[in-house]
Amino acid sequence: MRVRVSLLLGALLLASGSVHAFNLDLNKLIDIGKKTTDLKEVDEQGEAEIGNVSAAALLGAAPLVQNEKLQAYVNEVGLWLAMQTERPDLAWRFGVMDTDSVNAFAAPGGYVFITRGLLLRMRNEAELAGVLAHEIGHVLKRHHLVAIQKNAKSGLAANLLSMAVDNSSGGYGEWKKKAIGASTELYARGLDKEDEFEADRLGVVIAARAGYDPYGLPSVLQTLDGMNAQDGNLALLFKTHPAARQRLDLLDTAMAGSLDRYASQPVMKDRFEKIVGEYARKGK
Amino acid sequence: MTLRRLSSAAVLLSISVASLAAEMGQTLVNTDLKSEPFADAKTLASLPGNSAVDVLKRQGGWMQVKPAGNSEGWVKMTAVKLGGATANAKGDSGMTALWNTAMQGRSGNTGVTVATGVRGLSPEDMKNAQPAPEQVKKLDSFAATKSQAESAAKSSKLSRRNIDYIVDASGARK
């Protein structure tokens, strides 16, 4: 791996034509090169950059709902959940996407999205918290980051390196294009099943830590299980996730004896119905 | 004026009725109907699989149900599959009815369901998505601060708990 990095560096230097004109901080570049050769060592800035373009791709597929009050509400709930985790200081961003599709997404660096179609099917804030906490779990474990890096055909490690170079010459269009391609492909294909199960287990604990009834997420899974599988609004979710019934059964087993004692924590029905209900009544 | 008031009252009425409509489901397997939401509570009856139930209430991993021909009681939520012969079969839980009513009002559509397939997000849409960086900037403007999140939680009496993560499917914790 080290050999490859130095080869790459050599190629970059040659391509630049002149080292002086490039004004390249070689030590910094070598440092980034070392980091990106190891998947686990992409630093938080690299993670945030990948997250930023992934979020742009998601919001290109479906934009944000234009309702400031609703978006602020979801951000308050989401950040309160994230504050109960080992990564409270990421730049957490939560958004409701304007689509009938039923789904939720995470992107590296702290981006979490839920669709209107899923939000409107929820009964209370504990259900919302459960879904946001599941997505937070993906960010905590860097599931998307690792999958994007593993699967990017051209190798995102090398692209991160060229990002640093491109930055010094005033733009990094090529890198972004590749990162967007890798992330949209991942969102269309989905993560490993095990990543989803892990995010489920993290999600229920995070919701309970934040003071909610931890059965919000199981309750949403039960809703999904009861929906018509032929409904086009479920196509992407069902394609990219293990069956809701299987997730529900696994969670039920995992939660028994440890989380059921928190089942009497609040579900926050009133606040949810007030804010989401007000939005729903407007129908936009 | 009177007419307008009357019709808005009718809309309000239909909204509250729609959102209060009981959810329905059926048992997946033979299930004990309990007097309370606990495994060791008294068993009221044994419900065979495919018993139709009205869902009255939820509490943690339990559901209070009213089975046809039985008095109400509690069953494990995992024993119930939601959905029945009516709107519930389409997953119209939560606020869906409110949204549908609003959309009908706007479009003048008198049909029963209008919310499907208006703006979807298919696997193809996702693959072909064109990036929208200006939307990410907009998202930044909605971000909460920690103190906002904290005071929102405090005002709703949500309190922090120290709980270990569940590390595997068996429920082991760390």
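Here, the structure is the one placed above.
**Re unusual backbone geometry**
Leave glycine aside and you will find that most residues have negative phi; peptide bonds, for their part, are mostly trans.
Part 1 of the argument: Non-glycine residue A:Met268 carries a positive phi angle of around 55°.
Part 2 of the argument: The phi dihedral of B:Lys157 is positive, around 60°, even though this residue is not glycine.
Part 3 of the argument: Position of B:Lys157 among the secondary structure elements: in the segment after helix H5 (146-155).
Part 4 of the argument: Here B:Lys157 falls in the exposed class, since its relative accessible area comes to 70%.

**A few points about the interface of chain A and chain B**
Part 1 of the argument: Tallying the contact residues gives 98 residues for chain A and 78 residues for chain B.
Part 2 of the argument: Approximately 7,100 Å² of surface area, both sides summed, lies buried where chain A meets chain B, with 61% of it carried by carbon and sulfur atoms.
Part 3 of the argument: Looking only at chain A, the three residues that lose the most surface to chain B are A:Trp80, A:Arg209 and A:Gln222, adding up to 9% of its buried area.
Part 4 of the argument: Our count for the contact surface shared by chain A and chain B stands at 24 residue pairs in polar contact (both at pLDDT 80 or more).
Part 5 of the argument: Considering every element that reaches the side of chain A that touches chain B, the biggest residue donor is helix H15 (residues 269-282) of chain A, with nine residues.
Part 6 of the argument: Along the lines of polarity and charge, the residues of the side of chain A that touches chain B split into 50 nonpolar, 23 polar and 25 charged.

**A word on helix H12 (residues 216-226) of chain A**
Part 1 of the argument: The buried fraction of H12(A) is high, at eleven of eleven residues.
Part 2 of the argument: Among the residues making up H12(A), those that are buried are A:Gly216, A:Leu217, A:Pro218, A:Ser219, A:Val220, A:Leu221, A:Gln222, A:Thr223, A:Leu224, A:Asp225 and A:Gly226.

**A closer look at the side chain of A:Glu196**
Part 1 of the argument: Within the secondary structure, A:Glu196 sits in helix H11 (residues 193-209).
Part 2 of the argument: When near neighbours in sequence (up to four residues on either side) are disregarded, A:Glu196 contacts A:His134, A:His138, A:Leu191, A:Thr240, A:His241 and A:Pro242.

**Section: the packing of helix H5 (residues 68-82) of chain A against H15(A)**
Residue and element names in this part refer to chain A.
Part 1 of the argument: Where H5 contacts H15, the two axes come as close as 9 Å, and the packing angle between them is 150°. The two elements H5 and H15 cross, and the hand of that crossing is left-handed. Seen from H5, the contacting residues are Lys69, Leu70, Tyr73 and Val77; seen from H15, they are Arg271, Phe272, Ile275, Val276, Glu278 and Tyr279.
Part 2 of the argument: In terms of residue class, the contact of H5 with H15 is made up of seven nonpolar, no polar and three charged.

**Some details on the environment of A:Arg245**
Part 1 of the argument: Looking at the secondary structure, you find A:Arg245 in helix H14 (residues 244-255).
Part 2 of the argument: In sequence terms A:Arg245 and A:Gln222 are 23 residues apart; their C-alpha atoms lie 7.0 Å from each other.
Part 3 of the argument: Ignoring anything within four residues of it in the chain, the contact list for A:Arg245 reads A:Asp225, B:Leu28, B:Thr78, B:Val80 and B:Lys81.
Part 4 of the argument: A polar contact is formed between the side chain of A:Arg245 and the backbone oxygen of B:Thr78, at a distance of 2.6 Å.

Definitions and limits used
Residues numbered from 1 in each chain as written. Chains lettered and ligands numbered in written order. Predicted model: local features only at pLDDT ≥ 70, side-chain atom pairs only at ≥ 80, totals over all residues. Heavy atoms only, no water. Helix = DSSP H or I, 4+ residues; strand = E, 2+ residues; numbered from the N terminus. Buried < 20%, exposed > 50% of the residue type's maximum accessible area, 1.4 Å probe, protein only. Contact = heavy atoms within 4.5 Å. Buried area = accessible area lost by both parts, 1.4 Å probe. Polar contact = N/O pair within 3.5 Å; in protein donor to acceptor, adjacent residues only side chain to side chain. Nonpolar A, V, L, I, M, F, W, Y, C, P; charged D, E, K, R; others polar. Axes fitted to C-alpha atoms, helices over the stretch in contact; angles between N-to-C directions. Left-handed = near helix turned anticlockwise from the far one by under 90°.

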